[in-house]
Amino acid sequence: LDAHVKLSQLYMKSGMTSKAIEENLVIADIYMNQGKYDQAMDMAQNVIGAEPTHITAREKLIEVYHKKGLGEKAIVECQNLSEIFLKKNDVDKAIELYEKILEIEPKYYEIHFKLAELYEKKGFNSKAMQEYIGMAEVYTQDGNYFNAVEAYNKVLSFDQNNLEARYQLGVLLADKMDDLDSALKEFELIRRLSPTHMDALQRLTLGYIKTGQLAQAIQVSKDLKNKDILGDIVDRYKEAIDNNPDDYDAKYNLGIIYKEFGDLENAIEQFQSLVKCPEKLLDAYNMLGLCFEQMGMGNLAINQFKK
């Protein structure tokens, strides 16, 4: 060590700066091996002071910061070095450093964005999309919903048929942004792209029910061919009626569901309970007539239609 230090000093006195820098890097390695991280850091910083774009010195400084647990300083140095690589048009090295930064701090939004841009520049569209999806997930966790929507839309600008991004965008719009109409458009697109996407179909069914689009809800329920989901829908209406026996809209919708799925006895029960409601009276008689007709009870059907 002493010999390397003396040699470095002599090189500097002789104006042989590049040779002195090489010796300083050797000295830094020796300090690192001895666990003397502060001294190693000083040597690396001395080199950078003499030659700010010296890649090896900055890499050693990053390593020292890691050893000392100085995550924030390591991130700053990674950024500095990545900028040097980008100026040299070495995109691959810059990508490696951005990835290293995200290992240290996964929620570094700016780096996620820069990394996605670099992936796009290299033509790694699938990696870029995954990066934007990762950004969207982090944004969502932090309650930054508008930026999350933008990130998912960025994915869809690469691939309109990306079901993962489209589904998560729909969930985000429905659950976090109270924009059920836009969410339903996303789930409907998924239904067209992938008719067997059960999660999207279930979301679509419940969304149509919430917005009063019962005919669409029933059609999607039929596509699902899933009695459990139909049962969930029925249970929701039963719960609403239990909580409010005068919820005639819920009774009417429940009657429609029973009728569409062939449970005419329960449908009739619901429609008969509506005759107490003047606003639903005509609809109730009409639906009762249709149910009796479907059951082959012509006389009863005629009576309801006359009413």
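Peer 1: Honestly, the overall build of the protein chain in this entry has me stumped. Any pointers?
Peer 2: Along its length, the protein chain carries 18 helices and 0 strands. For the protein chain, the C-alpha radius of gyration of 34 Å lies well beyond 19 Å, the compact-globule estimate for 307 residues. Burial status across the protein chain gives 42% buried among its 307 residues. For the protein chain, the separation between the mean place of its 37 positive charges and that of its 50 negative charges on side chains is 3 Å.

Peer 1: Explanation requested: the packing of helix H10 (residues 163-175) against helix H11 (residues 180-193) in the structure shown.
Peer 2: Axis angle and axis distance: for two packed helices, these are the angle between their axes and the distance between the axes, and together they describe the pair. Contact geometry of H10 with H11 gives a least axis separation of 8 Å together with a crossing angle of 155°. Of the possible angle classes, the one that applies to H10 and H11 is roughly antiparallel. When you trace H10 past H11, the crossing you get is left-handed. Across the interface between the two elements, Leu163, Arg166, Tyr167, Leu169, Gly170, Val171, Leu173 and Ala174 of H10 pack against Leu180, Ser182, Ala183, Glu186, Phe187, Leu189, Ile190 and Leu193 of H11. For the contact of H10 with H11, the class distribution of residues is 12 nonpolar, 2 polar and 2 charged.

Peer 1: Sorry if this is basic, but what is going on with helix H16 (residues 264-272) here?
Peer 2: Given 3.6 residues per turn, any residue in an α-helix points the same way as the ones three and four places further on. Burial in H16 covers these residues: Leu264, Ala267, Ile268, Gln270 and Phe271. The arc enclosing the buried residues of H16, seen along the axis, measures out at 165°, which places them on a common side.

Peer 1: So what exactly am I meant to see when it comes to unusual backbone geometry here?
Peer 2: What you tend to see is this: most non-glycine residues have negative phi, and most peptide bonds are trans. Despite not being glycine, Asn89 has its phi angle at roughly 65°, a positive value. Mapped onto the secondary structure, Asn89 falls in the loop between helix H5 (71-87) and helix H6 (91-104). For Asn89, a relative accessible area of 56% corresponds to the exposed category. Positive phi values are uncommon outside glycine, yet Asp178 reaches one of about 55°. Its location among the elements puts Asp178 in the loop between H10 and H11.

Peer 1: Could you clarify how one ought to interpret the side chain of Ser82 in this entry?
Peer 2: Along the chain, Ser82 turns up in helix H5. Here the side chain of Ser82 touches Gln79 through a polar contact of 2.7 Å, landing on its backbone oxygen. In contact with Ser82, not counting residues within four places along its chain, are Ala94, Leu97 and Tyr98.

Peer 1: How do you make sense of a negative patch on the surface when you look at a structure like this?
Peer 2: On the surface, a cluster of negative charge is made up of Asp232, Asp235, Glu239 and Asp242. With respect to the secondary-structure elements, Asp235 resides in helix H14 (residues 227-243).

Peer 1: I would appreciate a short explanation of helix H17 (residues 281-294) in the present structure.
Peer 2: Between its first and last C-alpha atoms H17 spans 20 Å; for 14 residues at 1.5 Å apiece the expected length is 20 Å, and the two agree. On its buried face, H17 sits against helix H15 (248-260), H16 and helix H18 (298-306). The first or second residue beyond H17 is Gly296, which carries a positive phi of 85°.

Peer 1: Looking at this structure, I do not really get the nonpolar core. What am I missing?
Peer 2: Nonpolar side chains in soluble globular proteins tend to end up buried together. Within the largest apolar cluster, 57 residues are counted, with the highest numbers of intra-cluster contacts made by Phe187, Tyr237, Ile256, Ile257 and Phe271. Setting aside anything within four residues of it in sequence, one finds Ile256 in contact with Leu214, Ile218, Phe271 and Met287. In terms of nonpolar packing, the next biggest core, distinct from the first, is built from 18 residues, Ile75, Leu81, Ile84 and Ile95 among them.

Peer 1: How do you make sense of the pattern of salt bridges when you look at a structure like this?
Peer 2: Opposite charge on two side chains makes pairing possible when the charged atoms of those side chains draw close. Summed over the entire model, instances satisfying the criterion amount to 9 salt bridges. The partner of Arg58 in a salt bridge is Glu77, with the nearest N and O atoms 2.4 Å apart. Of the two residues, Arg58 sits in helix H4 (residues 55-68) while Glu77 sits in helix H5, which places them 19 residues apart along the sequence. A residue is classified by how much of its surface remains accessible, and Arg58, at 11% relative accessible area, is buried.

Peer 1: Can you help me understand a nonpolar patch on the surface in this one?
Peer 2: Side chains of Met295, Met297 and Leu300 sit close together on the surface and give an oily, nonpolar patch of about 220 Å² of accessible area. Classification of Leu300 by relative accessible area gives partly exposed; the value is 37%.

Rules used in this analysis
- Residues numbered from 1 in each chain as written.
- Predicted model: local features only at pLDDT ≥ 70, side-chain atom pairs only at ≥ 80, totals over all residues.
- Heavy atoms only, no water.
- Helix = DSSP H or I, 4+ residues; strand = E, 2+ residues; numbered from the N terminus.
- Rg over C-alpha atoms; globule rule 2.2 N^0.38 Å.
- Buried < 20%, exposed > 50% of the residue type's maximum accessible area, 1.4 Å probe, protein only.
- Lys, Arg positive; Asp, Glu negative; His and termini not counted.
- Charge placed at Lys NZ, Arg CZ, Asp CG, Glu CD.
- Axes fitted to C-alpha atoms, helices over the stretch in contact; angles between N-to-C directions.
- Parallel < 35°, antiparallel > 145°, perpendicular 65-115°, else oblique.
- Left-handed = near helix turned anticlockwise from the far one by under 90°.
- Contact = heavy atoms within 4.5 Å.
- Nonpolar A, V, L, I, M, F, W, Y, C, P; charged D, E, K, R; others polar.
- Arc of directions from axis to C-beta.
- Polar contact = N/O pair within 3.5 Å; in protein donor to acceptor, adjacent residues only side chain to side chain.
- Patch = residues over 30% accessible without salt bridge, like charges linked within 9 Å, V, L, I, M, F, W, Y side chains within 5 Å.
- Areas by Shrake-Rupley, 256 points an atom, 1.4 Å probe, with all protein chains shown as cover.
- Salt bridge = Lys/Arg side-chain N within 4 Å of Asp/Glu carboxyl O.
- Expected span 1.5 Å × (residues − 1).
- Core = buried A, V, L, I, M, F, W, Y, C linked by side-chain atoms within 4.5 Å.

Purely geometric stuff here, so don't read any function into it on its own.
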